[in-house]
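Each chain, written out:
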Amino acid sequence: MTRQPAALWSCVVVACAVCAIRAIAAEQTPAGPAAGRGRGQEPGPTITVHGHTFTQQSLFQRNIGGRDDQTTQFPPHKIIGNIYYVGTKSLAAFLIVTPQGNILVNSTYERNVPIIQKSVEQLGFKFSDTKILLGSHAHGDHQEGDALVKELTGAQVMAMAEDVPALRAMKPGGKEHPIDRVLHDGDTVSLGGTTLVAHLTPGHSRGCTTWTLKAPENGKTYDVVIIGSFGTNPGFQLVNNADVPDIAGEFKRAFAVARKLPCDVPLGSHPAMYSLDEKYAKRAAGGPNPFIDPAGYTLEVDIAEAMFLAVLAEQQKAAASRGR
Ligand SMILES: [Zn+2]
């Protein structure tokens, strides 16, 4: 526990695109996740999955986008049923609209909260109707704005127990991180006829949460999955990690959970996880709802798992050669 804060901070800074490279380079704590790969811009292992090739670095970059993508509004839009996109170009925020008020998933960075508010209003909803705030995982690019959202809306903030220590350490401008309800794996969150299920998919953070819900459209009901993250970021230490000794086991548990979830509509904490740009363009062209993409979900899990296994193998090999 005494070493926890250093590791948590490391995760937070590594997750920040703006300073990712600097943070990775600066990360020197032997217990921190950067003790393996990631002190520079090394590409890391390469994977090819169903014709898609990534290095560890390029997959991370795909998710976080360019410097401005994190703080530039993506056009707010309806995804399916009562689920709407209100995030930026590379940081997803979802609004689930119900007759009893709305649920927001991810506040992202605190400086993005006005962008999210604007998106909610452009869709014709009231930000003050946000009754519940949920999150994908305790990294600043997804949940730094929680305190400000609560301040502006009075929403109940709910978080997975395993992420609570990391969230408590997240204090933008000294503000305490609000947590009104602590969730456990399999807990449900219900409002106005919509129920979300919280699935613990750890590894990327201790309490990384993948949310599932059902969305009705044209007389059918679709299974929606909001991926918390299965990402093995540059700097993550999967072997001999003193802070999270079984981090590799936690990742494996996340993939096992992911593969059991029925999914028609994959969404994720970074929109690149579900090819938002491509689908948004298709949506504008008309035709069937492009967000219905079960194969896209499997592909994303396959890519993330292949990268995890490649990074693990590389770090195991390095550890073995050090021990020789
Ligand atoms: Zn993250």
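Look a little higher up for the structure.
Residues numbered from 1 in each chain as written. Predicted model: local features only at pLDDT ≥ 70, side-chain atom pairs only at ≥ 80, totals over all residues. Heavy atoms only, no water.

K.L.:
Hey, could you run me through the overall build of the protein chain in this one?
P.N.:
The helix and strand inventory of the protein chain stands at 10 helices and 14 strands. Relative to its 324 residues, the protein chain shows a buried fraction of 58%. At a minimum sequence separation of 6, the contacts of the protein chain that also span at least 24 residues come to 64%. Accessible surface, the protein chain as shown: approximately 13,000 Å² in total, 53% of it carbon and sulfur. (Helix = DSSP H or I, 4+ residues; strand = E, 2+ residues; numbered from the N terminus. Buried < 20%, exposed > 50% of the residue type's maximum accessible area, 1.4 Å probe, protein only. Contact = heavy atoms within 4.5 Å. Areas by Shrake-Rupley, 256 points an atom, 1.4 Å probe, with all protein chains shown as cover.)

K.L.:
Where do I start with the coordination of the zinc ion in this structure?
P.N.:
Note on metal geometry: ideal angles are 109.5 degrees for four donors arranged tetrahedrally and 90 or 180 degrees for six donors arranged octahedrally. Taken together, the protein ligands of the zinc ion are His 137 (NE2), His 139 (ND1) and His 204 (NE2), with distances of 2.1 to 2.2 Å. Binding-site remark: the zinc ion is held by donors from one chain whose sequence spacing is H-x1-H-x64-H. Within this pair, whereas His 139 is found in the loop between β7 (130-134) and α5 (140-143), its partner His 204 is found in the loop between β11 (194-200) and β12 (209-217), the two being separated by 65 residues in sequence. Given a relative accessible area of 4%, His 204 falls into the buried group. (Donors = N, O, S within 2.8 Å, 3.2 Å for Na, K, Ca; no water.)

K.L.:
Is there a simple way to think about the sheet that holds β12 in this case?
P.N.:
Sheet strands pair via backbone hydrogen bonds, and the direction of the pair is either parallel or antiparallel. The five strands are arranged β10-β11-β12-β13-β14 in an open sheet whose pairing can be described as mixed. With partners counted over all chains shown, the strands left at the sheet margins are β10 (188-191) and β14 (265-268), one partner each. Looking at each pair of strands side by side, their axes are set apart by 25 degrees on average, direction ignored. (Pairing = 2+ DSSP bridges. Axes fitted to C-alpha atoms, helices over the stretch in contact; angles between N-to-C directions.)

K.L.:
Looking at this structure, I do not really get unusual backbone geometry. What am I missing?
P.N.:
A negative phi holds for most residues other than glycine; trans holds for most peptide bonds. Of note, Asn 106 is a non-glycine position whose phi angle comes to about 85 degrees, a positive value. Residue placement: Asn 106 occurs in the loop between β6 (101-105) and α4 (113-122). Note on Asn 106: relative accessible area 0%, which makes it buried. Positioned with a positive phi, Asn 218 is a non-glycine residue whose angle comes to about 50 degrees. The residue Asn 218 is located in the loop between β12 and β13 (220-227) in this model.

K.L.:
What is the right way to read the pairing of strand β2 (residues 52-55) from this model?
P.N.:
Regular strands place side chains that alternate from one sheet face to the opposite one. Bridge analysis of strand β1 (residues 46-49) against β2 gives four bridges, and the strand direction is antiparallel. Paired with Thr 48 across the strands is Thr 53, a residue of β2. Here β1 folds back onto β2 in antiparallel fashion, the turn holding two residues, of which His 50 has a positive phi close to 45 degrees.

K.L.:
Is there a simple way to think about helix α3 (residues 56-64) in this case?
P.N.:
Helical periodicity: at 3.6 residues per turn, an α-helix aligns residues three or four positions apart in one direction. For α3, the complete set of buried residues consists of Gln 56, Gln 57, Leu 59, Phe 60, Asn 63 and Ile 64. Burial along α3 is one-sided: seen end-on, the buried residues are contained in an arc of 165 degrees. Just past α3, the residue Gly 65 takes up positive phi, approximately 70 degrees. (Arc of directions from axis to C-beta.)

K.L.:
Whenever I open this one, the nonpolar core confuses me. Can you help?
P.N.:
A general trend in soluble globular proteins is that nonpolar side chains are found buried together. By size, the foremost hydrophobic cluster in this structure holds 31 residues, and its most contacted members are Ile 79, Ile 83, Phe 94, Leu 134, Trp 211 and Leu 267. Ignoring any residue separated from it by four or fewer positions in sequence, one finds Leu 134 in contact with Ile 103, Leu 104, Val 105, Asn 106, Met 158, Val 189, Leu 196 and Trp 211. Formed by 29 residues, the second largest nonpolar core is a distinct cluster that contains Ile 227, Ile 247, Phe 251 and Phe 308. (Core = buried A, V, L, I, M, F, W, Y, C linked by side-chain atoms within 4.5 Å.)

K.L.:
Help me understand the pairing of β7 in this model?
P.N.:
In terms of burial, β7 is a largely internal element, four of the five residues being buried. Here β6 runs beside β7; their pairing, made up of four bridges, is parallel. The partner of Leu 104 across the bridge, within β7, is Leu 133. The β-α-β motif built from β6, the intervening α4 and the parallel element β7 has right-handed crossover chirality. (Right-handed = clockwise from strand over helix to strand, strands pointing away.)

K.L.:
So what exactly am I meant to see when it comes to the packing of aromatic side chains here?
P.N.:
Here the distance between the centres and the angle between the planes together describe a pair of aromatic rings. Summed over all chains, the structure comprises 11 aromatic pairs. Ring plane angle 20 degrees and centroid distance 6.4 Å describe the contact between Phe 251 and Phe 255, whose orientation is recorded as stacked. Of this pair, Phe 251 and Phe 255 both sit in helix α8 (residues 247-260), four residues apart, which is roughly one turn of that helix. Assessed through its relative accessible area of 1%, Phe 251 is described here as buried. Look at Phe 255 and you get buried, because its relative accessible area is 1%. Centroid distance Phe 251 to Phe 308: 5.0 Å. Interplanar angle 25 degrees. Geometry classified as stacked. On the criterion of sequence distance, the pair formed by Phe 251 in helix α8 and Phe 308 in helix α10 (residues 294-323) is long-range, its members being 57 residues apart. Grouping residues by exposure puts Phe 251 and Phe 308 together as buried. Each residue in the set Phe 74, Tyr 85, Phe 94, Tyr 274, Tyr 280 and Phe 291 is aromatic and connected to the rest through ring pairs, giving one cluster. (Phe/Tyr/Trp six-rings, centres within 6.5 Å; stacked < 30°, edge-to-face > 60°.)

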